[in-house]
Amino acid sequence: MASQHSNQIDWCIGKAQKELEECKRQKKKPRHRGLVKTEPNKSLALRHISKAEHYLKGLQLLKSSGVSDLAVGMGFYSLYHCFLAIASKFGYESGNQTCTIALIELLQEEGKIKINQEIVDLMKYEEEQNVIDNSFIELREDYTYGIDLMVKSEELLNRMEKHCIDFISVVKEIVYA
């Protein structure tokens with residue numbers, strides 16, 4: 001019997017196929033909001049890690065400059081590019097955050113990767129999480145689309161920074177394995 005994550009991945013792959021076929025029919029640039037199975041690509045994975053490090057540096061610079069609202073987005077995308085690095089390592093291209101997270105959970109379920117579940121939960125909406133408050137995706141949305149100029153909790157921003165630093169190291173080990 002297929003797992004929930006496996007079923008979700010199948011749906012994401014089907015969604016991408018339909019959208020890419022539609023782009024081809026309309027002679028538009030190929031775009032999709034799902035998952036495409038590709039060849040494993042360590043080089044692309046390493047470029048995603050570089051982008052994650054770049055976003056981490058942005059978080060640190062913005063945080064130290066007192067522009068903490070923008071730093072939240074940098075932290076979110078640092079972690080997200082780590083997820084994309086893992087996807088590339090295992091031969092997937094993602095155009096959808098929910099599909100990316102489902103892929104990470106499937107790879108974890110299959111024993112192909114071992115990462116802290118807290119990181120995965122922090123990247124989900126709170127109603128999809130197991131126990132975590134202040135999901136990073138919701139914080140990113142709040143500070144990107146909201147009007148607050150400063151993050152209310154410096155501790156929260158410090159925790160996000162620590163997660164980014166730690167997770168980049170974990171993902172490097174996964175990609176180089």
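Residues numbered from 1 in each chain as written. Predicted model: local features only at pLDDT ≥ 70, side-chain atom pairs only at ≥ 80, totals over all residues. Heavy atoms only, no water.

**Quick notes on the overall build of the protein**
Step number 1: Across its full length, the protein carries 7 helices and 2 strands.
Step number 2: From first element to last, N terminus to C terminus, the protein shows the α and β order α-β-α-α-β-α-α-α-α.
Step number 3: Computed over the C-alpha atoms, the radius of gyration of the protein is 17 Å, within 12% of the 16 Å expected from 2.2 N^0.38 for a compact globule of 177 residues.
Step number 4: For the protein, with 177 residues in total, the buried portion stands at 46%.
Step number 5: In the protein, 61% of the contacts between residues at least 6 apart in sequence involve partners at least 24 apart.
Step number 6: Approximately 10,000 Å² of the protein is accessible, and the part contributed by carbon and sulfur atoms is 52%.
Step number 7: Charge-centre separation for the protein: the mean point of 24 positive side chains lies 10 Å from the mean point of 26 negative side chains. (Helix = DSSP H or I, 4+ residues; strand = E, 2+ residues; numbered from the N terminus. Rg over C-alpha atoms; globule rule 2.2 N^0.38 Å. Buried < 20%, exposed > 50% of the residue type's maximum accessible area, 1.4 Å probe, protein only. Contact = heavy atoms within 4.5 Å. Areas by Shrake-Rupley, 256 points an atom, 1.4 Å probe, with all protein chains shown as cover. Lys, Arg positive; Asp, Glu negative; His and termini not counted. Charge placed at Lys NZ, Arg CZ, Asp CG, Glu CD.)

**Notes on helix 2 (residues 42-64)**
Step number 1: With 23 residues, helix 2 should reach 33 Å at 1.5 Å per residue; the first-to-last C-alpha distance of 33 Å fits that figure.
Step number 2: Considered for burial, the residues of helix 2 that qualify are Ala45, His48, Ile49, Ala52, Tyr55, Leu56, Gly58 and Leu59.
Step number 3: The backbone nitrogen of serine 43 has a side-chain oxygen 3.2 Å away, supplied by the residue at the start of helix 2, namely asparagine 41.
Step number 4: Where helix 2 terminates, the next one or two residues include glycine 66, which has phi positive at roughly 80°. (Expected span 1.5 Å × (residues − 1). Polar contact = N/O pair within 3.5 Å; in protein donor to acceptor, adjacent residues only side chain to side chain.)

**Comments concerning the side chain of aspartate 69**
Step number 1: Residue placement: aspartate 69 occurs in helix 3 (residues 68-89).
Step number 2: Lacking a salt bridge, the buried aspartate 69 has lysine 152 as its closest oppositely charged neighbour, with an N-O distance of 11 Å.
Step number 3: Residue contacts for aspartate 69: discarding those within four places in its chain leaves Tyr143, Asp148, Leu149, Met150 and Val151. (Salt bridge = Lys/Arg side-chain N within 4 Å of Asp/Glu carboxyl O.)

**Comments concerning the nonpolar core**
Step number 1: Formed by 48 residues in total, the largest nonpolar core has its most connected members in Phe83, Ile86, Ile113, Met123, Phe136, Phe167 and Val171.
Step number 2: For this core, the secondary-structure elements that each account for two or more residues are helix 1 (4-25), helix 2, helix 3, helix 4 (97-109), helix 5 (117-122), helix 6 (136-145) and helix 7 (154-176).
Step number 3: For phenylalanine 167, the contacting residues outside a window of four places in its chain are Leu79, Cys82, Phe83, Ile86, Ile115 and Ile119. (Core = buried A, V, L, I, M, F, W, Y, C linked by side-chain atoms within 4.5 Å.)

**A few points about the packing of aromatic side chains**
What describes a pair of aromatic rings is the distance from one ring centre to the other and the angle between the planes of the rings.
Step number 1: One pass over the structure, following the stated rule, counts 4 aromatic pairs.
Step number 2: Centroid distance phenylalanine 76 to tyrosine 77: 4.9 Å. Interplanar angle 85°. Geometry classified as edge-to-face.
Step number 3: Relative to phenylalanine 167, the ring of phenylalanine 83 has its centre 5.6 Å away and its plane inclined at 80°; by these criteria the two rings are edge-to-face. One end of the pair, phenylalanine 83, is in helix 3; the other, phenylalanine 167, is in helix 7, with 84 residues separating them in the sequence. A single burial state applies to phenylalanine 83 and to phenylalanine 167, both of which are buried.
Step number 4: Each member of the aromatic cluster is reached from another via a ring pair, and the members are Tyr55, Phe76, Tyr77 and Tyr80.
Step number 5: Taking NZ or CZ as reference, lysine 37 lies 4.3 Å from the ring centre of tyrosine 92, over its face. (Phe/Tyr/Trp six-rings, centres within 6.5 Å; stacked < 30°, edge-to-face > 60°. Lys NZ or Arg CZ within 6 Å of the ring centre and 35° of its normal.)

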